[in-house]
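Here are the chains, one letter per residue:
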Amino acid sequence: MRDINFLSDNLAKNLKFFEKKYPQLFQMYSGYSPKKYKLHYDPTSDDFNLLLDGVAVYNFGMEQHYKESARDFLSEVSEKSVVRTFALPTKNDFNPNRFFYGHLHRYMDKINPSDKVRNRYLVGSRIPLLVFFGVESGLHVDEILNHREVDQIVFVEKDPELFYYSLMFVDWGKICGKFLNVRNKAISFIIFGGDSRVSESNVQNILHNDLWNQLYFRVPIYPLMTFSVFSGLSTDFYKGILQSVKDKLIAHVTSWGYYDDDINQINQFFHNARQSPRILRANAVKPTDRWAIICGNGPSLDDAAEFIRSNRDKLFVVAACSALHTLVNHGIKPDLAVSLESDYSTLSAFKLMPADKIRDVPFVGALQIHPGTFELFNHSACYLGSETSFLSLLNGELDIVHGDRPTATNSAFSVTCTLGFKKLILTGLDYGYVEGDRHHSKKSFYYDGSANENLNKVARGIEEKSYFKEENVHGRIYTTTVFDSAKQRLEQAVAHYRPNVVLNFSKGLTIKNARFVDLGLLEEVMSEATVNDVDVKSVLSSFEEFDGSIISSYENQIIDFIRESSNKILSVVRNVTATEESVYEAIVKFHTILPQTAERARQQPFFLIRGVLWWYSLALYGSIKSVDELDIECLVDEWKKSLEKLCTQWSTHAEFFLSDLSNDDPRLGLTINDPEPDWQLFFR
């Protein structure tokens, strides 16, 4: 039997450390008293346990439990272990006739000419990033860190009372001392505050968002070489968070935020701004009891068509981009159409719609969409989204529509909320489809025979990339990474805008805080609804016009930012040597070039550089960690030459790309997959 006074000694010692280094944790635990659990010491086994309502939490004692947990992890993630994570891109993933993708294509061709798929990596002597899900007593933390070198570490704990016991058993000062103010090291705590009024699903959302903010700025270490330790309590809860973050981040890494797309969006923003468009104003529709129904183009829209027609006078109908085509095919003229997509292919899709039936539909589009889109509508306005490279240029002058990405359904939802609607019905926002069913409405482009090759390509991509996600009242639901990410972002938008009620008449993925409803309930709701009297044309005409005369100053800011960023990147690249440690250090320095908070991200056009740093880091670091025996000197040498060439040309390319704001700008007639004008100038 041992003296257990060490528990109170450790508690006092850790509180003193937190007071100095982590004041928020000190405030949380100074004078803290456990309420649910009771610490129990068994002199027979010489081990501790936590009792919950008198029942032991751990089967064989706390210390034994965590020693086994640590031992299991260490055996699974040994130096010679091979892990399968994110598949590296090959040259065929990048258009050789675009500036950024062209440079990356040529680099990938140099280091992987055979296009071999690489997704298996050797762990090696160091663990780049380790996430502890469920800290609890922390005994496994000590055990793992005593046996493995870890560079970055994140602790996630849903129950502050469980974390409290770690203050009795581990020396946080000693643990944190291995990371604080140590080169290329980092340590973070994500501890929920313990408000009992917050539901478990909302706790999960809070921890998800905090973990997202941690991992988002650690690409490519996440997702390539990040490892997780689960304590054993609430494992499913934490795995749900990790999977959600993974799905969302993979979509970000692979689909958005790369230079070629963003410079194209900025060019179109400049073209739109020249026309001094009207800009959406928040809360333009006075608080109203009117119901808005937001229509995506999913299969469930067909089931809602008759309901919309029969209650047309009581509903403010919003069409998300291509859903406009489907609604028109169902004989429904919406009150508002909303579009987000900036690519020329979206304009081509709008041109497939019957002009006489859509021209008088009021239209709101993101500031960066193709300028030709606005010409198709008699009544239109723009909105400023929260995730654009030109957001920082506007210095808070315009109202921001939050949560408008990644799909038009997100923008339609957020625009509707921004206008002021508080009672919402969702339909066609399936974000997936029932197994064996269609992935879009039968009246959509994809099934009515009017699709062009670009739309057919999108359809094939959905069919090829779909995977089973969940089973709910509608059946087995299949989705794609983009659809699932869009669903998650919609959930965040619901939490941000806090509408009074959200009814979901879709038949796909479950959307938190938007309960599935049937037709009977919708008809019951409509029986008490009042007539929609919102004159959206008057609302749009009341918006102020954007002052397009200051575009030239915006262009200078973009060029200056790219030039400054290029110099920062070059200063890192030129010092990289052909060692894994040097490459890792370069990646950590790249992280400091990108903004580390959402607030800082809004203060600079960082989407222009994010994809460059992410993809080049992924390509090199993944190749070095690959189980294939690759020549590290060749990998690093070609990487440096490619990035140096890109950086020295970068500001020149941006200036060239933004040089023609006339209606004859050849870039306006191209999709992002087409070769850009005079691309050969940058690859001689």
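If you're wondering where the values come from, they're calculated on a predicted model, not measured in any experiment.

Caption draft 1: Inspection of the overall build of the chain at higher detail. The secondary structure content of the chain amounts to 27 helices and 21 strands. Since a compact globule built from 684 residues should have a radius of gyration of about 26 Å, the 27 Å found for the chain is in line with a globular shape. Classification of the 684 residues of the chain by burial places 60% in the buried group. For the chain, the share of sequence-separated contacts (at least 6 apart) that also reach a separation of at least 24 residues comes to 74%. Accessible area for the chain stands at about 28200 Å²; split by element, carbon and sulfur atoms hold 46% of it. Each charge class in the chain can be summarised by its mean position, and for the 74 positive and 88 negative side chains these summaries are 2 Å apart.

Caption draft 2: Quick peek at the packing of aromatic side chains. On inspection of all chains with the given rule, the structure shows 51 aromatic pairs. Taken together, a centroid distance of 5.1 Å and an interplanar angle of 40° make the contact between Trp212 and Tyr216 tilted. On the criterion of helical spacing, the pair formed by Trp212 and Tyr216 is a turn pair, its members being four residues apart in helix α8 (residues 200-216). For Trp212, a relative accessible area of 9% puts it in the buried group. Residue classification places Tyr216 among the buried positions, given a relative accessible area of 9%.

Caption draft 3: The sheet that holds strand β8 (residues 186-191), seen in detail. One open sheet accounts for four strands, arranged β8-β7-β6-β9; its pairing is parallel. The outermost strands of the open sheet, each flanked by one partner alone, are β8 and β9 (226-230). Neighbour-to-neighbour, the strand axes of the sheet open up by a mean angle of 20°, direction not taken into account. One ladder, built from six bridges, connects strand β7 (residues 149-157) with β8; its direction is parallel. Counterpart to Glu157 in the pairing with β8 is Ile191.

Caption draft 4: Structural detail: the pairing of strand β2 (residues 47-52). Among the six residues of β2, five are classified as buried, and the element is accordingly described as predominantly covered. For strand β1 (residues 37-42) and β2, the ladder comprises six bridges, and the chain directions are antiparallel. Note on β2: the bridge partner recorded for Tyr41 is Phe48. The hairpin formed by β1 and β2 contains four residues between the paired strands, and Asp46 there has a positive phi angle of roughly 50°. Taken together, the two bridges between β2 and strand β3 (residues 55-56) define a ladder with antiparallel strand orientation. Each bridged residue has a counterpart across the sheet, and for Leu51 the counterpart in β3 is Ala56. Once β2 ends, the chain turns through two residues before running back antiparallel as β3, passing Asp53 with a positive phi of about 55°.

Caption draft 5: Representation of the side chain of Arg610 in the model. For Arg610, the location among the structural elements is in helix α26 (residues 607-625). In this structure Arg610 is buried but unpaired, with Glu387 as the nearest side chain of opposite charge at 5.7 Å. Side-chain polar atoms of Arg610 contact the side chain of Tyr216, separated by 2.3 Å.

Caption draft 6: Quick look at the pattern of salt bridges. Tallying each qualifying case throughout the model produces 29 salt bridges. Notably, a salt bridge pairs Glu585 with Arg183, separated by 2.2 Å at the nearest N-O pair. Of this pair, Glu585 sits in helix α24 (residues 580-593) while Arg183 sits in the loop between α7 (172-177) and β8, and the two are 402 residues apart along the sequence. On the basis of relative accessible area, Arg183 is assigned to the exposed category, the value being 61%. Salt-bridge contacts for Asp637 lead to Lys641; the nearest nitrogen and oxygen are separated by 3.5 Å. Note that Asp637 and Lys641 are positioned in helix α27 (residues 632-657) at a spacing of four residues, about one turn of the helix. A relative accessible area of 45% places Lys641 in the partly exposed class.

Caption draft 7: How the structure looks around the sheet that holds β1. Strand order in the open sheet made by the three strands is β1-β2-β3, with antiparallel pairing throughout. Among the strands making up the open sheet, the edge pair consists of β1 and β3.

Caption draft 8: Representation of helix α21 (residues 519-527). When α21 is considered as a whole, its buried residues turn out to be Leu522, Val525 and Met526. Summarising the axial view, the buried residues of α21 lie within an arc of 95°, below the 170-degree limit, and thus occupy one face. For α21, the exposed residues set more than 90 degrees away from the buried face come down to Glu524 and Ser527.

Caption draft 9: Summary view of the environment of Ala381. Relative to the helices and strands, Ala381 resides in strand β14 (residues 380-385). Sequence separation between Ala381 and Val583 is 202 residues; the distance between their C-alpha atoms is 47 Å. Apart from the residues within four sequence positions on either side, Ala381 is in contact with Arg278, Phe363, Val364, Gly365, Phe374, Leu540 and Phe543.

Caption draft 10: Representation of the state of the cysteines within the structure. In the structure shown here, the tally under the stated rule is zero disulfides. Of all cysteine sulfurs, the one in Cys321 lies closest to Cys382, which takes part in no disulfide; the gap is 14 Å.

Caption draft 11: View of unusual backbone geometry. For the bond from Val219 to Pro220, the omega torsion is 10°, close enough to zero to count as cis. Tracing the backbone shows Pro220 in the loop between α8 and α9 (221-224). Its identity is not glycine, yet Asp53 carries a phi of approximately 55°, on the positive side. With respect to the helices and strands, the residue Asp53 is situated in the loop between β2 and β3. Although it is not a glycine, Asp678 sits at a positive phi angle of roughly 55°. Note that Asp678 resides in the segment after α27. According to the relative accessible area criterion, Asp678 is partly exposed, its value standing at 44%.

Caption draft 12: Representation of the pairing of strand β6 (residues 126-133). Of all eight residues in β6, seven are buried, a share of seventy percent or more. Pairing between β6 and β7: seven bridges, direction parallel. Across the sheet, residue Ile127 finds its bridge partner in β7, namely Val150. Taking the sense of rotation as the criterion, the β-α-β connection linking β6, helix α5 (residues 139-145) and β7 turns out right-handed. Across five bridges, the pairing between β6 and β9 is parallel. Bridge assignment links Leu130 to a residue of β9, and that residue is Phe227.

Caption draft 13: Spatial organisation of the packing of helix α23 (residues 551-573) against α26. Viewed as axis vectors pointing N to C, α23 and α26 meet at an angle of 25°, and their least axial separation amounts to 10 Å. Classified by the angle their axes make, α23 and α26 are roughly parallel. Regarding α23 and α26, the two cross each other, and that crossing is right-handed. Here α23 contributes Ile558, Phe561, Ile562, Ser565 and Ile569 to the contact with α26, which in turn contributes Leu608, Ile609 and Leu613. Classifying every residue of the contact of α23 with α26 by side-chain character gives seven nonpolar, one polar and no charged.

Caption draft 14: Focus on α24. In a regular helix each residue adds 1.5 Å, so 14 residues correspond to 20 Å; α24 covers 20 Å between its end C-alpha atoms and thus fits that length. With respect to burial, α24 is a largely interior element, 10 of its 14 residues being buried. Regarding α24, the residues found buried are Ser582, Val583, Tyr584, Glu585, Ala586, Ile587, Val588, Phe590, His591 and Ile593. Of the surrounding secondary structure, the elements contacted by the buried residues of α24 are β6, β7, α9, α23, α26 and α27.

Parameters at a glance
Residues numbered from 1 in each chain as written. Predicted model: local features only at pLDDT ≥ 70, side-chain atom pairs only at ≥ 80, totals over all residues. Heavy atoms only, no water. Helix = DSSP H or I, 4+ residues; strand = E, 2+ residues; numbered from the N terminus. Rg over C-alpha atoms; globule rule 2.2 N^0.38 Å. Buried < 20%, exposed > 50% of the residue type's maximum accessible area, 1.4 Å probe, protein only. Contact = heavy atoms within 4.5 Å. Areas by Shrake-Rupley, 256 points an atom, 1.4 Å probe, with all protein chains shown as cover. Lys, Arg positive; Asp, Glu negative; His and termini not counted. Charge placed at Lys NZ, Arg CZ, Asp CG, Glu CD. Phe/Tyr/Trp six-rings, centres within 6.5 Å; stacked < 30°, edge-to-face > 60°. Pairing = 2+ DSSP bridges. Axes fitted to C-alpha atoms, helices over the stretch in contact; angles between N-to-C directions. Salt bridge = Lys/Arg side-chain N within 4 Å of Asp/Glu carboxyl O. Polar contact = N/O pair within 3.5 Å; in protein donor to acceptor, adjacent residues only side chain to side chain. Arc of directions from axis to C-beta. Disulfide = S-S within 2.5 Å. Right-handed = clockwise from strand over helix to strand, strands pointing away. Parallel < 35°, antiparallel > 145°, perpendicular 65-115°, else oblique. Left-handed = near helix turned anticlockwise from the far one by under 90°. Nonpolar A, V, L, I, M, F, W, Y, C, P; charged D, E, K, R; others polar. Expected span 1.5 Å × (residues − 1).

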